[in-house]
Amino acid sequence: MSKPVLVLNGPNLNLLGTREPHIYGSNTLKEVEAMCARKAKEVGLTVECRQSNHEGQLVEWIHEAIGGFDGIIINPAAYTHTSVAILDALKNVKAPIIELHISNPHQREEFRHRSFVTPAATATMCGFGVAGYPLAVEAMAGLLEARKAKA
Ligand code: CA2
């Protein structure tokens, strides 16, 4: 029986579509979550989308994903560049993990060039705007298919 894919969004992403549209676009988080659900249906997956402004909450949800979800798509937002706690939590996940960013952090300030999360990620995607979310769902379907074929 397949389990849903957990789509996690970190701090301030609840503000999507309300500020800095030149960087993050004009879609709201609710719209982005609907894009994920639509794409998931198309590729035969289900998604559960959650957002928190709190590091500990994100860590708890990652723990929940161990055994409870088939994969994780995570935009850790600012915690990308600071959080050993999120890295350590993700390291315990055996399911595929896609690290996703709306912007391309490598084109931005130097402090955004370093990701604490990347070492735990199966794959990283950035710079596609919010279109990256459905792309990541599609990519997750590919990763899960490849795992199934190997098993
Ligand atoms: O490009 C991304 O997705 C980021 O993860 C977004 C983070 C940033 O700290 C990372 O370097 C790259 C910031 C998320 C802030 O979200 C907002 C959304 C709308 C309005 C204001 C902030």
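This report concerns the structure included in the present document. Small disclaimer: the values here were computed from a predicted structure and weren't measured. (Residues numbered from 1 in each chain as written. Predicted model: local features only at pLDDT ≥ 70, side-chain atom pairs only at ≥ 80, totals over all residues. Heavy atoms only, no water.)

Considering the pattern of salt bridges
- According to the stated counting rule, one finds seven salt bridges in the structure shown.
- For the salt bridge of E109 with R108, the shortest nitrogen-to-oxygen distance reads 4.0 Å.
- Residue E109 is classed as partly exposed on the basis of its relative accessible area, which comes to 36%.
- Within this structure, K39, E42 and E138 form a network of salt bridges that share partners. (Salt bridge = Lys/Arg side-chain N within 4 Å of Asp/Glu carboxyl O. Buried < 20%, exposed > 50% of the residue type's maximum accessible area, 1.4 Å probe, protein only.)

A word on the pairing of strand β1 (residues 5-9)
- Counting buried residues in β1 gives five out of five residues, a clear majority hidden from the surface.
- Both faces of β1 are covered, namely the face carrying V5, V7 and N9 and the face carrying L6 and L8.
- For β1 and strand β2 (residues 47-51), the ladder comprises five bridges, and the chain directions are parallel. Within β2, the residue paired with L6 across the bridge is E48.
- Bridge analysis of β1 against strand β3 (residues 71-75) gives five bridges, and the strand direction is parallel. (Helix = DSSP H or I, 4+ residues; strand = E, 2+ residues; numbered from the N terminus. Pairing = 2+ DSSP bridges.)

A closer look at the site of the ligand
- Neighbouring the ligand are 16 residues; N75, H81, I102, S103 and R112 lie closest to it.
- Measuring from an oxygen atom of the ligand, one finds a backbone N or O atom of I102 at 2.7 Å.
- Here the ligand has 510 Å² of accessible area as a free molecule, and 94% of this is covered by the chains. (Near = heavy atom within 4 Å. Polar contact = N/O pair within 3.5 Å; in protein donor to acceptor, adjacent residues only side chain to side chain. Areas by Shrake-Rupley, 256 points an atom, 1.4 Å probe, with all protein chains shown as cover.)

Considering helix α3 (residues 55-68)
- In this model, α3 (14 residues) spans 20 Å end to end at C-alpha, consistent with the 20 Å of a helix rising 1.5 Å per residue.
- Within α3, burial applies to L58, V59, W61, I62 and A65. For α3, the buried positions fall inside an angular range of 165° around the axis, keeping them on one side.
- Packed against the buried residues of α3 are β1, β2, β3 and α4 (84-91). (Expected span 1.5 Å × (residues − 1). Arc of directions from axis to C-beta. Contact = heavy atoms within 4.5 Å.)

Observations concerning the side chain of S52
- When you line up the elements, S52 lands in the loop between β2 and α3.
- Of the polar contacts made by the side chain of S52, one reaches the backbone nitrogen of H54; its length is 2.9 Å.
- Other than its neighbours up to four places away in sequence, S52 contacts N9, G10, P11, Q57, L58 and W61.

Notes on the environment of L143
- Mapped onto the elements, L143 comes out in helix α5 (residues 132-150).
- Between the C-alpha atom of L143 and that of F128, which follows or precedes it by 15 residues, the distance is 19 Å.
- Excluding residues that lie within four positions of it along the chain, L143 makes contacts with P96, I98 and T122.

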